[in-house]
Amino acid sequence: MTTTSTTDPIILAEGLTKAFGSSPGRFRRRRTTDGGFTAVDGIDLRIAPGELVGYIGPNGAGKSTTIKMLTGILTPTSGLLRVAGFEPQRDRVRLARRIGVVFGQRTTLWWDLPLKDSFTLLQRLYRIPPDRFGENLAYYTAALDLGEFLDRPVRQLSLGQRMRGDITAALLHDPAVVYLDEPTIGLDVVSKHAVREFLSDLNQRTGTTILLTTHDIADIERLCSRVVAIDHGRVTYDGSIDDLRADRDLETVVRELYLGRSLVDTTE
Ligand SMILES: Nc1ncnc2c1ncn2[C@@H]1O[C@H](COP(=O)(O)OP(=O)(O)OP(=O)(O)O)[C@@H](O)[C@H]1O
């Protein structure tokens, strides 16, 4: 018998902090007299396998910095961090097999190569077995309607086509956790809808854990049963959008979440 349960978090952060421009432990406030800056300021987060969580807040709140720590790109200044049982910055290579990342404002695809060649390179990089790769590529080609531009160089793709390519690239190796940083930014209404429906289906079909950063409240409404809002590097709300909507209209919810006011303790 084991004491571990299926509800053990797949993402666990305790007191997660990232300060730029100075040494660990020197920050008590976000801006410091020596010009340093605390982008993420003691975040606690527990995300269970299979959750689809919206991670939102105003510009500069610290969302991308958090995601960069969750992938191992940035090293936390202090605090505890585990993703799929790994310490991201120490186990970056092993963790890479368990996570997928999409940065909506950038592509991870090879610009001059046909889209399908990027996928083949990723197969080699992640050592995806040929059968599995074939199945996944066929699935995503159909689900995201990639067929007509698989042979086109990435630089010739529209934003919506490129985004669908990036999402596929992040999923070909069957990651347990996917971070999506603004996956619908700049897309037209139809493409946004297609991406949302795809993500919802992915989450339900495979149980992939998804952490989604977005400024589009429709993404949150359609996809996320739970929202974590941050501002000035601190969590201001962690709960369901329905709880917020019980006594507020949507416009007020959006304003409060994106202005970063604390919805937890309104006496502040
Ligand atoms: N390498 C860095 N050095 C110094 N400051 C940084 C660095 N990276 C980010 N910051 C600062 O940390 C703060 C948080 O940035 P971050 O990119 O995490 O915000 P964000 O919530 O993702 O914002 P947005 O919604 O605009 O993408 C910002 O004020 C940013 O200027």
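This structure is a prediction, so every number in the text was calculated from the model and none was measured.

**Q** Got a sec to walk through the site of the ligand? Specific residues and values, please.
**A** Near the ligand lie 13 residues; those nearest to it are Gly-60, Gly-62, Lys-63, Ser-64 and Thr-65. One of the side-chain N or O atoms of Asn-59 is found 2.9 Å from an oxygen atom in the ligand. Within the side chain of Lys-63, a nitrogen or oxygen atom sits 2.8 Å from an oxygen atom of the ligand. When residues of the shell around the ligand are assigned to their parent elements, the largest contribution, 3 residues, is made by helix H1 (residues 63–71). Its residues assigned to classes, the shell around the ligand comprises 5 nonpolar, 6 polar and 2 charged.

**Q** Before we move on, could you go through helix H4 (residues 130–143) and cite the residues and values that matter?
**A** Given a rise of 1.5 Å per residue, 14 residues ought to cover 20 Å, and the 20 Å separating the end C-alpha atoms of H4 matches this to within 8%. When H4 is considered as a whole, its buried residues turn out to be Phe-133, Asn-136, Leu-137, Tyr-140 and Thr-141. Along the axis of H4, the buried positions cluster into a sector of 130°, meaning they face one direction only. Across from the buried face of H4, at angles greater than 90 degrees, the exposed residues are Asp-131 and Ala-142. Looking at the buried side of H4, the elements it contacts are helix H3 (115–126), helix H5 (159–171) and helix H6 (189–206). Residue Asp-145 follows H4 closely and has a positive phi angle near 55°.

**Q** Can you tell me about the sheet that holds strand S3 (residues 52–56), naming the residues and giving the values?
**A** Strand order in the open sheet formed by 6 strands is S5-S6-S7-S3-S8-S9, with mixed pairing between adjacent strands. The open sheet has two free edges, formed respectively by strand S5 (99–103) and strand S9 (234–239), since each of these has just one partner strand. Going across the sheet, the axis of each strand differs from the next one's by a mean of 15°, ignoring polarity. Alignment of strand S8 (residues 226–231) against S9, held across 5 bridges, turns out to be antiparallel. Residue pairing in the sheet places Val-228 in a bridge with Asp-238 of S9. In this fold H5 packs onto S5 and strand S6 (177–181), with an angle of close to 165° to the strand it touches most, S5. Where H6 meets the sheet, its contacts fall on S3, S6 and strand S7 (209–213), and the angle it forms with S7 comes to roughly 155°.

Calculation notes
- Residues numbered from 1 in each chain as written.
- Predicted model: local features only at pLDDT ≥ 70, side-chain atom pairs only at ≥ 80, totals over all residues.
- Heavy atoms only, no water.
- Near = heavy atom within 4 Å.
- Polar contact = N/O pair within 3.5 Å; in protein donor to acceptor, adjacent residues only side chain to side chain.
- Helix = DSSP H or I, 4+ residues; strand = E, 2+ residues; numbered from the N terminus.
- Nonpolar A, V, L, I, M, F, W, Y, C, P; charged D, E, K, R; others polar.
- Expected span 1.5 Å × (residues − 1).
- Buried < 20%, exposed > 50% of the residue type's maximum accessible area, 1.4 Å probe, protein only.
- Arc of directions from axis to C-beta.
- Contact = heavy atoms within 4.5 Å.
- Pairing = 2+ DSSP bridges.
- Axes fitted to C-alpha atoms, helices over the stretch in contact; angles between N-to-C directions.

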